[in-house]
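Each chain, written out:
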Amino acid sequence: MTSPAPDTVKALRVVVTGSLEGSELQQALGATGSGLDVVAWAAVVRDAVPHLGAGKVDAVLLGAGRDESRTAGSLESDVAVIRLHTDAPIVLLVSEASSTVLEPAFAAGVDDVLVLPQKPETITFAIRKAHEARGRAAAHAHAEPAAARGKVVTVFSPKGGTGKTVLSTNLAALLAQTTDKRVLLIDLDLQFGDAAIMLGLDPQRTMHELVQAPGALDPGKLAGYTTRHRSGLDVLAAPMRPEDAELVTESKVLQLLDVAREAYDVVVVDTSPFFYGPMLAVLRPTDQLLMLCGLDVPTLKNVKLSLRTLELLGFPASRTSLVLNRVTPKVGLTKADVEGVLGLPVSFEIANDAVVAPAVNSGAVAALVDSDAECARGVARLAQSLESARV
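Quick look at the structure, then.

Criteria and cut-off values
- Residues numbered from 1 in each chain as written.
- Predicted model: local features only at pLDDT ≥ 70, side-chain atom pairs only at ≥ 80, totals over all residues.
- Heavy atoms only, no water.
- Helix = DSSP H or I, 4+ residues; strand = E, 2+ residues; numbered from the N terminus.
- Areas by Shrake-Rupley, 256 points an atom, 1.4 Å probe, with all protein chains shown as cover.
- 1 Å grid on protein atoms, 1.4 Å probe; cavity = no way out; pocket = protein on both sides within 12 Å on 5 of 7 lines; lining within 4 Å.
- Points joined across faces, edges and corners; volume = space filled by probe spheres on them.
- Nonpolar A, V, L, I, M, F, W, Y, C, P; charged D, E, K, R; others polar.
- Pairing = 2+ DSSP bridges.
- Contact = heavy atoms within 4.5 Å.
- Axes fitted to C-alpha atoms, helices over the stretch in contact; angles between N-to-C directions.
- Salt bridge = Lys/Arg side-chain N within 4 Å of Asp/Glu carboxyl O.
- Buried < 20%, exposed > 50% of the residue type's maximum accessible area, 1.4 Å probe, protein only.
- Left-handed = near helix turned anticlockwise from the far one by under 90°.
- Parallel < 35°, antiparallel > 145°, perpendicular 65-115°, else oblique.

Description of the overall build of the protein
So, step 1. The helix and strand tally for the protein stands at 16 helices and 13 strands.
So, step 2. When the accessible area of the protein is evaluated, it comes to approximately 18,100 Å², of which 53% is carbon and sulfur surface.

And the structure:
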């Protein structure tokens with residue numbers, strides 16, 4: 001059996017990004033007959049985003065450089081940004097294969113690690129191997145019947161104290177109690193999550209125990225780590241201790257959301273007020289991002305910066321809804337002011353209501369305690385809109 005001629009092999013389109021050192025990579029990628037077509041070189045991962053669209057690339061080469069502290073601190077975020085835009089395999093390029101690089105690399109979700117320097121043909125072979133392995137996995141997944149997938153609603157605010165968790169818990173509980181949907185609330189404010197306490201729950205197991213549990217994650221296993229609220233809502237609580245947050249990696253978050261969408265009709269994700277690794281990982285499966293804004297200048301400034309960050313990350317603007325929270329008159333800013341500064345219409349308004357604080361302090365859900373309250377009606381309109389849009 002003879003091998004096909006080099007010119008009959010489909011050239012693989014690759015994007016090269018990250019911290020790269022040495023000339024062997026350039027030699028390999030530029031070699032005649034390498035079978036590789038370099039779409040773009042970008043030293044910073046976010047600069048590579050415009051070239052990572054679906055179907056545009058067959059592989060991504062991510063350079064880690066020699067700074068191990070930088071590798072550990074930024075690798076997961078870099079992989080999360082890449083995964084937001086492509087399913088292409090990621091091959092990490094490193095200068096030495098130490099455990100401080102390999103363990104976080106595979107935890108972050110890279111497909112292979114290649115130690116440089118290597119011969120050009122070895123580099124080409126590693127890229128093709130990763131591409132073919134990813135292709136077989138995708139073909140196997142597509143061979144199975146497609147099941148209905150739950151929708152992911154992510155609640156985000158770039159500033160603490162805007163009422164993000166209050167909205168997340170009220171929205172999720174209202175959907176669970178007033179519709180026939182199976183609803184899961186995931187508290188992804190990993191260091192200081194308050195969703196469980198706001199719902200009056202005392203979870204015996206949290207996300208910390210879930211990510212440490214041996215074996216593959218499936219809907220049955222996920223159910224063993226959630227806590228049921230009286231509304232019918234299931235809650236996956238944040239870790240109890242801030243130091244346990246680092247165990248919840250981007251790859252584990254993506255696995256969690258993938259399984260959650262199998263088991264639930266709606267997955268509401270409460271987040272921390274930062275664009276860090278797990279938050280970036282959540283963006284890709286997010287069907288609707290609720291961006292909270294208050295009637296104060298600091299929050300308005302942070303929201304404007306966040307919208308710009310989402311634009312740079314390539315997150316579709318059509319999936320972002322602006323929610324004006326704690327609306328009250330006579331504070332010096334209006335809805336029109338907010339829309340003018342942000343260049344984005346306010347999709348929903350939630351009133352500042354006196355029923356909220358007592359409800360939070362008693363572990364109750366304001367939208368369920370008093371359905372006639374102004375804030376409850378605002379949450380109900382939001383829930384109805386999501387349901388009618390089949391989200």
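Some remarks on the layout of surface pockets
So, step 1. Of the voids in this model, the second largest pocket is the one considered here, and its volume is about 350 Å³.
So, step 2. As for the second largest pocket, its lining consists of 22 residues, and the residues nearest its centre are Leu190, Ala245, Glu246, Tyr276 and Pro278.
So, step 3. Looking at the lining of the second largest pocket, the elements with two or more residues in it are α3 (68-83) and α11 (277-283).
So, step 4. If one sorts the elements of the lining of the second largest pocket by residue count, α3 sits on top with five residues.
So, step 5. A breakdown of the residues in the lining of the second largest pocket according to their chemical character gives 10 nonpolar, seven polar and five charged.

What about the sheet that holds strand β7 (residues 183-188)?
What links the strands of a sheet is backbone hydrogen bonding, and the strands pair in either a parallel or an antiparallel sense.
So, step 1. Strand order in the open sheet formed by eight strands is β8-β9-β7-β10-β6-β11-β12-β13, and the pairing between neighbours is mixed. Lying at the two open borders of the sheet, with one neighbouring strand each, are β8 (227-228) and β13 (346-351).
So, step 2. Of the strand pairs in this sheet, β7 and strand β10 (residues 266-271) are connected by six bridges, and their pairing is parallel. Counted as the bridge partner of aspartate 187 is aspartate 270 from β10.
So, step 3. Helix-sheet contacts for helix α16 (residues 374-388) involve β6 (151-156), β11 (288-293) and β13, and the interaxial angle to β13 is about 150°.

A closer look at the pattern of salt bridges
So, step 1. By the definition in use, this model includes 12 salt bridges.
So, step 2. Close ionic contact of aspartate 87 with arginine 284 constitutes a salt bridge, the shortest N to O distance being 2.6 Å. Taken as a pair, aspartate 87 in the loop between α3 and β4 (90-94) and arginine 284 in the loop between α11 and β11 lie far apart in primary sequence, 197 residues in all.
So, step 3. On the basis of relative accessibility, which here comes to 44%, the residue aspartate 87 falls in the partly exposed class.
So, step 4. Salt-bridge contacts for arginine 308 lead to glutamate 311; the nearest nitrogen and oxygen are separated by 3.4 Å. Taken together, the residues arginine 308 and glutamate 311, both in helix α12 (residues 297-313) and three residues apart, mark about one turn of the helix.
So, step 5. By relative accessible area, which is 44% here, arginine 308 ends up partly exposed.
So, step 6. Each of Arg241, Glu243 and Asp244 takes part in one network of salt bridges that share partners.

With respect to the packing of α12 against helix α13 (residues 335-342)
So, step 1. Following both chains from N to C, one finds α12 and α13 inclined at 35°, their axes separated by 10 Å at the closest point. In this structure, α12 crosses over α13, and the sense of that crossing is right-handed. Residue-level inspection shows Leu300, Val303, Lys304 and Leu307 of α12 in contact with α13, the latter providing Val338, Val341 and Leu342.
So, step 2. When grouped by side-chain class, the residues that make up the contact of α12 with α13 number six nonpolar, no polar and one charged.

What to know about the packing of helix α6 (residues 164-178) against α16
So, step 1. Relative orientation of the contacting elements α6 and α16 amounts to 60°, with a least axis distance of 10 Å. What the angle tells us is that α6 and α16 run oblique. Considering the relative orientation of α6 and α16, their crossing is right-handed. Taking contact as the criterion, the partners of Leu167, Asn170, Leu171, Leu174 and Leu175 in α6 are, on α16, Val379, Ala380, Leu382, Ala383 and Leu386.
So, step 2. Its residues assigned to classes, the contact of α6 with α16 shows nine nonpolar, one polar and no charged.

Considering unusual backbone geometry
So, step 1. At arginine 326, a position not held by glycine, the phi torsion is positive, near 55°.
So, step 2. Assignment of secondary structure puts arginine 326 in strand β12 (residues 320-327).
So, step 3. For arginine 326, a relative accessible area of 41% corresponds to the partly exposed category.

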